[in-house]
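Residue-level structural notes
Residue-level listing of the chains:
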Amino acid sequence: MQRIRAFKSVWPLMKTIREGAAKQAYFPSSTTRNYSHGPGSFGLLFDIDGVLVRGRTPIPGAQQCFRNLVDRNGKYKVPVVFVTNAGNSMRQAKAELLSHMLEVEVSPDQVMMSHSPLRMFTQFHKMCVLVSGQGPVEEVAHNLGFEDVITIEMLREAYPILDVVDHNRRPKDHIPPTKGLRPIDAVILFGEPIRWETNLQLIVDVLLTNGSPDNTWSSTQSSHIPILACNMDLLWMAEAKNPRFGHGMFLVCLENLYKKVTGCELKYDALIGKPSVVTYNYAELLIRKQAERLGWSTPVKRLYAIGDNPMADIYGANLYNRYLQASHHTKAQMQAKSTSGGTASQTVDDTPKMTSAELGGASGINAAQKDLPEGCVSILVCTGVYSKVQEELLSDPKQTVTEQRIFHGHRDFRFDPILTQPSFVVQDVKEAVELVFKHEGWPLQ
């Protein structure tokens, strides 16, 4: 097995190391220890597209993998949560689709969409919000707790002269009267829309008029109403041989249009979905609930995150692992200070501080938790966005690349090559799960 340290060109370059036939786990030195195997030791986080399915086709080995993960009664052997950056459906619909494709029962409580953490953003729930995306976006918003929802189509119908890129959609013969809507207080971007030109135009209209698009633009304003964006994936993998544009590409367009018009940066109140920490915090809450339903009385100690996208799945899992280590470090310092009466020496933590964007806008979700996992291990599969066949790896593991590095992460996330380095690279999800169970000392079959 290879441990990948760098990607070339398209992905940040990683070094490669050949470790012979033995498949030994790599863990950060801060989390290496003798593990006690048994109930309560670990949970699994699965990406969906490119890991379990391509479009609506299961990836070979995925069904067998999940047959191995349940017992003869269909009960999962360990806590399992599906963490996807998709946001165009309800959890119930995604659970039903996964149940059908994987041939095991998947409950909605095991599914986490990119927008799921918005349930925690209660300060926005009573605001009038404009939602962008496709699918049942209004239903999704209400289900998350938002009470006053306006869709792009509702906005377009209320102000019929705003959307004029498509000549066939322009008003004919006469200009219909404007219906008028209540002022919009915030914008929520669930996912990529179908008509990008319509959504881009109307969202910019709303931002430049302080929520009242019938008013005149104020392109000199230095601030705008809040924006919450879900799913930062620039690319994702479907049935096509090459990756497809994701919602991250739509965000790039919106950010650049806004800056071109105003000269100012578009600012987000929250960036949700992988790789933000708040997404993994929320996923860990779901893992804990799954463990309780399995009858586990001890906290889950380790999480294994399996994904195909180095810039979303791997970056996010490693960022969350860094967050966990920082949390444990802070807790240890506080305990030492408490027991020593405040005279304990402070150890230096040289880990880079996380930005508010990386935290996702809700950094306090697990602040009061006493039993955070010890760490999160990232596993990269080669059946989706990343492919060992398409990516050229360095023959010299000591070689580094400082030029022509293309960062596919979001604008507000720092490029940190260390965070794009997976703990493991395996061929597919079946091999990933077998690796985890072998390391944990659990029988899989």
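Residue numbering note: each chain is counted from 1, following its sequence as written. In keeping with the model being predicted, local features are shown solely for residues with a pLDDT of at least 70 and side-chain atom pairs are shown and tallied solely at 80 or more, while totals for entire chains, interfaces and linings include all residues. No hydrogens and no water enter the side-chain calculation; it runs on all heavy atoms of the structure.

1. What about the overall build of the protein?
Regarding its fold elements, the protein presents ten helices and 17 strands. The buried share of the protein, taken over its 445 residues, is 53%. Should any heavy atoms of two residues lie within 4.5 Å, those residues are counted as being in contact. Sequence-distant contacts, at least 24 apart, represent 76% of the contacts inside the protein between residues at least 6 apart. Each accessible area is a Shrake-Rupley result for a 1.4 Å probe, and residues are judged covered by the shown protein chains and nothing else. Carbon together with sulfur atoms contributes 51% to the accessible area of the protein, which is approximately 20,100 Å² in total. Only DSSP runs of H or I covering at least 4 residues are called helices, and only runs of E covering at least 2 are called strands; the numbering of each starts at the N terminus. The buried label applies to any residue whose accessible area, calculated with a 1.4 Å probe on protein chains only, is under 20% of its type's maximum; exposed applies above 50%, and partly exposed to all values in between.

2. Overview of the confidence of the model for the protein
Values of pLDDT, the confidence the predictor places in each residue, fall between 0 and 100. Looking at the protein as a whole, its pLDDT mean stands at 84, while 82% of the residues score no less than 70. For the stretch residues 1-37, pLDDT sits under 50, and the model shows 106 contacts to residues farther than four places along the chain or on other chains. Note on residues 392-404: pLDDT under 50 across the span, and 16 contacts to partners over four residues away in sequence or across chains.

3. Description of the sheet that holds strand E6 (residues 80-83)
Sheet architecture is open: six strands sit in the order E7-E6-E3-E15-E16-E17, paired in parallel fashion. Edge strands, defined here as strands with exactly one partner in the open sheet, are strand E7 (111-112) and strand E17 (424-426). When DSSP finds two or more bridges between two strands, those strands count as paired. Relative to E7, E6 is paired through two bridges, and the arrangement is parallel. Bridge assignment links valine 83 to a residue of E7, and that residue is methionine 112.

4. Considering the pattern of salt bridges
Whenever a carboxyl oxygen of Asp or Glu lies within 4 Å of a side-chain nitrogen of Lys or Arg, that contact is scored as a salt bridge. The full count for this structure, using the stated rule, is 19 salt bridges. Here lysine 274 and aspartate 313 are joined by a salt bridge, their closest N and O atoms 2.7 Å apart. One end of the pair, lysine 274, is in the loop between strand E14 (270-272) and helix H7 (277-293); the other, aspartate 313, is in helix H8 (residues 310-339), and 39 residues separate them in sequence. There is no split in this pair, since lysine 274 and aspartate 313 are both buried. In this structure, a network of salt bridges that share partners links the residues Glu153, Arg156, Asp163 and Arg169.

5. Notes on the nonpolar core
Nonpolar cores were defined as sets of buried Ala, Val, Leu, Ile, Met, Phe, Trp, Tyr and Cys residues, with membership established by side-chain atoms within 4.5 Å. Among the nonpolar cores identified, the biggest contains 98 residues, and Leu44, Phe46, Phe66, Leu69 and Phe82 are the most heavily contacted of them. When near neighbours in sequence (up to four residues on either side) are disregarded, phenylalanine 46 contacts Leu52, Phe66, Leu69, Val80, Val81, Phe82, Val83, Ile306, Val429 and Val433. If you look at the next biggest cluster of nonpolar residues, it comprises 19 residues, including Val149, Leu228, Cys230 and Ala270.

6. A look at the environment of asparagine 231
Along the chain, asparagine 231 falls in the loop between strand E11 (227-230) and strand E12 (235-236). Sequence-wise, asparagine 231 and phenylalanine 190 are 41 residues apart; in three dimensions their C-alpha atoms are separated by 7.2 Å. Discounting chain neighbours no more than four positions away, the residues touching asparagine 231 are Asn85, Ser114, Phe190, Glu192, His247, Gly248, Leu251, Ile272 and Gly273. A polar side-chain atom of asparagine 231 sits 2.9 Å from the main-chain amide nitrogen of aspartate 233. Contacts described as polar in this section are N or O atom pairs within 3.5 Å, which, within protein, must combine one atom able to donate a hydrogen with one able to accept it, while residues neighboring in sequence count only if both atoms come from side chains.

7. Regarding the environment of lysine 75
The residue lysine 75 is located in the loop between helix H1 (62-69) and E6 in this model. Relative accessible area serves as the criterion here: at 41%, lysine 75 is assigned to the partly exposed category. Measuring from C-alpha to C-alpha, the distance between lysine 75 and glutamate 105 comes to 8.7 Å, with 30 residues separating the pair along the chain. Once you skip the residues sitting within four places of it in the chain, lysine 75 turns out to touch Leu69, Val70 and Leu294.

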